[in-house]
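The primary structure of each chain is shown beneath.
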Amino acid sequence: MIPRERAPYSAIVDRPPLRLPGDARIVVWTIVNLEVWDIGRPMARQILPAPTGQVLLPDVPNWSWHEYGMRVGVWRFFRLFKALGIRPTLSINARVCEDYPRVAAEARDAGWEFMGHAWDQIPIHKIEDQAAMIRKSLDTIEAFTGTRPVGWLGPGLTETADTPDLLAEAGIRYIGDWVYDDEPTEIETRAGKLVTLPYTVELNDIPTMIVQHHESPYWQRRCEDSFDRLYAEGAERPKFMAIAIHPYISGQPHRIRYLEAVYAHINRHPGVLHWHGRDILDWWESGARKPLTEPGPSL
């Protein structure tokens with residue numbers, strides 16, 4: 001099925017407003033992405049372009065740039081979120097549990113939610129047997145954490161036409177690949193409904209600072225501007241805001257202060273819930289999507 005067959009168009013103004021516990025205005029969903037970049041393949045991203053544009057393997061400088069995040073940057077994240085009392089969603093390549101068990105164990109022991117993010121960092125379109133890769137990924141995370149993931153984010157948000165069906169058949173209940181709304185939605189699969197959570201490419205540090213080459217203060221302003229507008233709109237209908245970060249980017253010493261500033265800004269406001277993906281899913285499945293009022297023209 002193409003996306004429109006899975007999810008007919010729906011204008012947000014035509015839906016009944018949802019309601020959060022305590023009449024909160026906004027849910028902030030923090031997603032930390034942990035990946036494995038196989039030194040035998042071209043790197044998922046480049047901070048240093050190859051000489052003459054010809055990618056050579058092994059690509060040690062770009063591999064090392066990512067490795068910094070796992071050795072150093074991620075520990076700045078752990079310190080920050082422990083101080084804030086926030087348990088993020090961990091979008092994790094399952095291979096991290098084998099290649100970086102020290103990092104994966106720290107997240108597990110801190111109570112972070114593990115969300116499937118494929119086996120390692122390679123586009124879904126290049127996987128010959130998606131179903132087997134999905135099973136292997138979920139089995140590995142379950143063996144490491146004791147809990148089977150219910151959420152999934154494709155590497156680079158990649159999906160083929162069959163991916164939602166394969167995920168639902170494997171027991172996945174929510175995905176983050178569909179960045180088309182401010183609220184959770186449901187899409188059709190061969191195995192029933194699959195919930196989409198409002199993930200982000202606009203407040204993701206890769207597009208902003210690595211692809212578009214904006215400076216860190218701009219990313220901070222974009223996050224704060226987004227929060228301010230969603231928080232204001234949340235007075236009439238609650239909204240969801242995702243923040244997606246990578247330790248080799250936002251965990252750098254020249255960027256971490258801007259991440260800290262974003263949360264300081266957010267936490268000066270009442271009526272904010274810091275939920276991970278399973279929290280949102282549990283709330284949604286508990287009946288939050290049932291109409292509470294007549295549809296209105298509010299944003």
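Conventions adopted
- Residues numbered from 1 in each chain as written.
- Predicted model: local features only at pLDDT ≥ 70, side-chain atom pairs only at ≥ 80, totals over all residues.
- Heavy atoms only, no water.
- Helix = DSSP H or I, 4+ residues; strand = E, 2+ residues; numbered from the N terminus.
- Buried < 20%, exposed > 50% of the residue type's maximum accessible area, 1.4 Å probe, protein only.
- Lys, Arg positive; Asp, Glu negative; His and termini not counted.
- Salt bridge = Lys/Arg side-chain N within 4 Å of Asp/Glu carboxyl O.
- Core = buried A, V, L, I, M, F, W, Y, C linked by side-chain atoms within 4.5 Å.
- Contact = heavy atoms within 4.5 Å.
- Phe/Tyr/Trp six-rings, centres within 6.5 Å; stacked < 30°, edge-to-face > 60°.
- Lys NZ or Arg CZ within 6 Å of the ring centre and 35° of its normal.
- pLDDT = per-residue confidence, 0-100.

**Q** Sorry if this is basic, but what is going on with the side chain of R255 here?
**A** Tracing the backbone shows R255 in the loop between β8 (239-245) and α9 (256-266). Buried charge without a partner: R255 forms no salt bridge, and the closest opposite charge is D205, 7.1 Å away.

**Q** So what exactly am I meant to see when it comes to the nonpolar core here?
**A** The biggest cluster of nonpolar side chains holds 64 residues, and the ones touching the most others in it are L34, F81, I92, W152, M241 and I243. Take this core: its biggest share by element is seven residues, from helix α2 (residues 60-84). Those residues in contact with L34 that lie beyond four places of it in its chain are M70, V74, L90, S91, I92, N93, V96, V103, H117 and P247. With 23 residues, the next largest nonpolar core counts W29, Y199, A244 and I280 among its residues.

**Q** Would you mind showing me how to read the packing of aromatic side chains here?
**A** Remark: the centre distance and the inter-plane angle together describe each pair of aromatic rings, the angle taken between the planes. Inspection of every chain in the model, using the stated rule, returns 15 aromatic pairs. Ring centres 6.1 Å apart and planes at 55° place the aromatic pair W275 and W283 in the tilted group. Given a relative accessible area of 9%, W283 falls into the buried group. Aromatic rings pair up to connect W75, F77, F78, F81, W112 and Y263 into one cluster. Across from the ring centre of F144, 4.8 Å away, lies the NZ or CZ of R108, which sits over that ring.

**Q** Which parts of the structure should I look at to understand the confidence of the model for the chain?
**A** Detailed conclusions should not be drawn from predicted coordinates in areas where pLDDT is low. Mean pLDDT over the chain works out to 95, with 96% of the residues at or above the 70 mark. When the criterion is pLDDT under 50, residues 291-299 qualifies, and its contacts beyond four places in sequence or with other chains add up to 23 contacts.

**Q** Looking at this model, I keep getting lost on unusual backbone geometry. Mind explaining?
**A** A cis geometry characterises the amide bond from L57 onward to P58, with omega recorded as 0°. The topology assignment puts P58 in the loop between β1 (26-34) and α2. Even without a glycine there, the phi angle at D23 is positive, about 55°. By the secondary structure assignment, D23 is in the loop between α1 (3-6) and β1. A positive phi angle is found at A118, which is not glycine, with a value near 75°. Here A118 shows up in the loop between β3 (113-116) and α5 (130-145).

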